[in-house]
Each structure stands twice: as structure tokens, then as C-alpha cells.
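Architecture and fold: a report
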Amino acid sequence: MAHLIAPSLLSADFANLRKDVEMVNNSEADWLHLDIMDGVFVPNISFGMPVIASVGKYCTKPLDVHLMIVEPDKFIDEFHKLGAYVLNVHYEACTHLHRSIQRIKALGMKAGVTLNPHTPVSVLEEIVPDVDLVMLMSVNPGFGGQKFIENTIDKTARLKELILKRNSKAIIEIDGGVNYETGKRLLEAGADALVAGSFVFGAENPTDTIARLKAL
Ligand code: DX5
Ligand code: ZN
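Residues numbered from 1 in each chain as written. Chains lettered and ligands numbered in written order. Predicted model: local features only at pLDDT ≥ 70, side-chain atom pairs only at ≥ 80, totals over all residues. Heavy atoms only, no water.

1. Notes on the overall build of the protein
From N to C terminus, the protein includes eight helices and eight strands. Radius of gyration (C-alpha) of the protein: 16 Å, near the 17 Å computed for a compact globule of 216 residues. A principal-axis box enclosing the C-alpha atoms of the protein has dimensions of 40 × 35 × 30 Å. By residue count, 52% of the 216 residues in the protein fall in the buried class. Charged side chains of the protein number 21 positive and 27 negative; the gap between the two group centres comes to 4 Å. (Helix = DSSP H or I, 4+ residues; strand = E, 2+ residues; numbered from the N terminus. Rg over C-alpha atoms; globule rule 2.2 N^0.38 Å. Buried < 20%, exposed > 50% of the residue type's maximum accessible area, 1.4 Å probe, protein only. Lys, Arg positive; Asp, Glu negative; His and termini not counted. Charge placed at Lys NZ, Arg CZ, Asp CG, Glu CD.)

2. Some points on the sheet that holds strand β5 (residues 110-115)
Two modes of strand pairing occur in sheets, parallel and antiparallel, and in both the strands are linked by backbone hydrogen bonds. The parallel open sheet is built from eight strands, whose spatial order is β1-β8-β7-β6-β5-β4-β3-β2. Edge positions in the sheet fall to β1 (4-7) and β2 (32-37), since each of these pairs with one other strand and no more. Strand after strand, the sheet turns through a mean of 25° between neighbouring axes, direction not considered. Across five bridges, the pairing between strand β4 (residues 84-90) and β5 is parallel. Paired with His90 across the bridge in β5 is Thr114. (Pairing = 2+ DSSP bridges. Axes fitted to C-alpha atoms, helices over the stretch in contact; angles between N-to-C directions.)

3. Considerations on helix α6 (residues 180-189)
Those residues of α6 that sit buried are Thr182, Gly183, Leu186, Leu187 and Ala189. Each buried residue of α6 sits inside an arc of 160° when the element is viewed along its axis, so together they form one side. Where α6 is buried, its residues touch α5 (151-165), β7 (171-175) and β8 (193-196). Its side-chain oxygen at 2.9 Å from the backbone nitrogen of Glu181, Asn179 defines the N-terminal cap of α6. Gly190 sits one or two positions beyond α6 and adopts a positive phi of about 125°. (Arc of directions from axis to C-beta. Contact = heavy atoms within 4.5 Å. Polar contact = N/O pair within 3.5 Å; in protein donor to acceptor, adjacent residues only side chain to side chain.)

4. Some remarks on the coordination of the zinc ion (ligand 2)
Protein ligation of the zinc ion (ligand 2) involves His33 (NE2), Asp35 (OD), His66 (ND1) and Asp175 (OD), the donor distances falling in the range 2.0 to 2.3 Å. Around the zinc ion (ligand 2) sit six donor atoms; with metal-centred angles ranging over 71 to 166°, the donor geometry is octahedral. By relative accessible area, Asp35 is classed as buried at 4%. (Donors = N, O, S within 2.8 Å, 3.2 Å for Na, K, Ca; no water. Tetrahedral: all angles 85-135°; square planar, octahedral: opposite > 155°, others 65-115°.)

5. Quick word on the packing of helix α1 (residues 17-25) against helix α2 (residues 49-58)
With their axes 9 Å apart at the nearest point, α1 and α2 run at an angle of 45° to one another. Here α2 runs oblique to α1, going by the angle between their axes. Pair α1 / α2 crosses with right-handed handedness. Note on element contacts: α2 touches α1 through Val51, Val55 and Tyr58, opposite Leu17, Arg18, Val21 and Asn25. Each residue belonging to the contact of α1 with α2 can be placed in one class, and the counts come to five nonpolar, one polar and one charged. (Parallel < 35°, antiparallel > 145°, perpendicular 65-115°, else oblique. Left-handed = near helix turned anticlockwise from the far one by under 90°. Nonpolar A, V, L, I, M, F, W, Y, C, P; charged D, E, K, R; others polar.)

6. A look at the side chain of Lys61
Structurally, Lys61 can be placed in the loop between α2 and β3 (63-68). Contact partners of Lys61, with chain neighbours within four places excluded, come to Val24, Asn25, Ser27, Glu28, Ala29, Asp30, Trp31 and Leu32.

Note that every value here comes from positions in space, so none of it alone points to a role or purpose.
Shown next, in the form of C-alpha cells:
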């Protein structure tokens, strides 16, 4: 499978979201990544439901929603109504992860589980056959534009091994500090999907940057 590129709206121009969404629509991006932060699970607040509803009206790419919130179960149904295609919940935020995953899938969304940089892939041993996607944070969640954590390369390879060992069909997505150089190494290590925020929206030509990430 060709790898997927998911530009993160977090680094877009919030006063001109429609323009940036249209740029993504007309690019080779596969998904639009939406970062939802509650100021509790992570030390920052991003945007919430009304923004997603408005963005969803114009976005023609599937929405890859990343919940950085405590008690994500409370909002699974609502994110489904808002049109999420992938719903990512953090391992660290879910006491009953199996139940959360089953609910996401029952609603017809792709179920993703996300790991913070300090969380070992081994915690996924039992759940990995049930999920559609595992997302590894390659920065501590909460902010765009941070430095890539190098350990993520080996961690991606270890996750790939676990997925194969457990006969899982899960794909591997990486979020944080992705650029041409880290992106290439992540793909070599087994990543299937790359999120890129500041590298895309901070570029002189975001459309071209997406195309080059897609061609890595
Ligand atoms: C960070 C978010 C990321 C962020 C990535 O908490 O989950 O999706 O937008 O930003 P960059 O690509 O700038 O590291
Ligand atoms: Zn994210």
C-alpha cells in the first residue's frame, strides 16, 4: 500500500481555515488530521466541535481525528456525527480501551489507538488485533512544531513486529516532527501514514510539500 499523508490543521491559518482546507482538498493529501485538545490531557487547548462541523462542510478528504482529551468515551458518538473517518483515542486516556475501540468500530469509524512517547508498544499486545490503526506520538502531544523524538524510529519497527506477530491488520501512523528526512526513515521502519503540521503549513508551497511527502 502506498503510504498516506495527513496534513494537521493545527498549523493552518485559523482566520482562513476555508482557504487551507481547500488547499488540502486540491492536494495529494489522503486525510485531514484534526487535533482536539482539552487543556487537561495535554497542556494546550485547540479547537472543538463547531470548528470541526464547519471544516467538515468544505473538506473532501476523510477526517483523521486525534483526541487529546480525558474521558474520550463521552464524545465518541458526537465525533461520529461530526463525520470522523478515523477516531484516535489515547491509550493513556482510556481505562476501558477495549470498550472504547468496540464503540468506535460499531459506529462504522476506523478505530485508532495512540501512544505517548513514553508508552511502550508492548501495552498493545492484547488489543492490537482489534484496532485499525496505531498512532505513535513522535513528540509530546499538545503543540505543533516540536522536535522529532529519535526513539520513534526503533519504536515503529518494534510496533511493526508486534502487528505481524499478532496477525493484526493495523496500519501505523506517526504524529509529530515529520519532515522529508524523518518521514523517509519512518517509512523505512514500517510506517504507513504520516501526519505533518508545521512542515506543510509553514512551507512556502504547502501543496508541493504534500506531494513531496507523498512521493517519499
Ligand atoms: C501534536 C499534534 C500534532 C501536530 C503535529 O500534539 O498531535 O498532530 O499538529 O505538528 P508538527 O507536524 O508541526 O510536529
Ligand atoms: Zn495529532
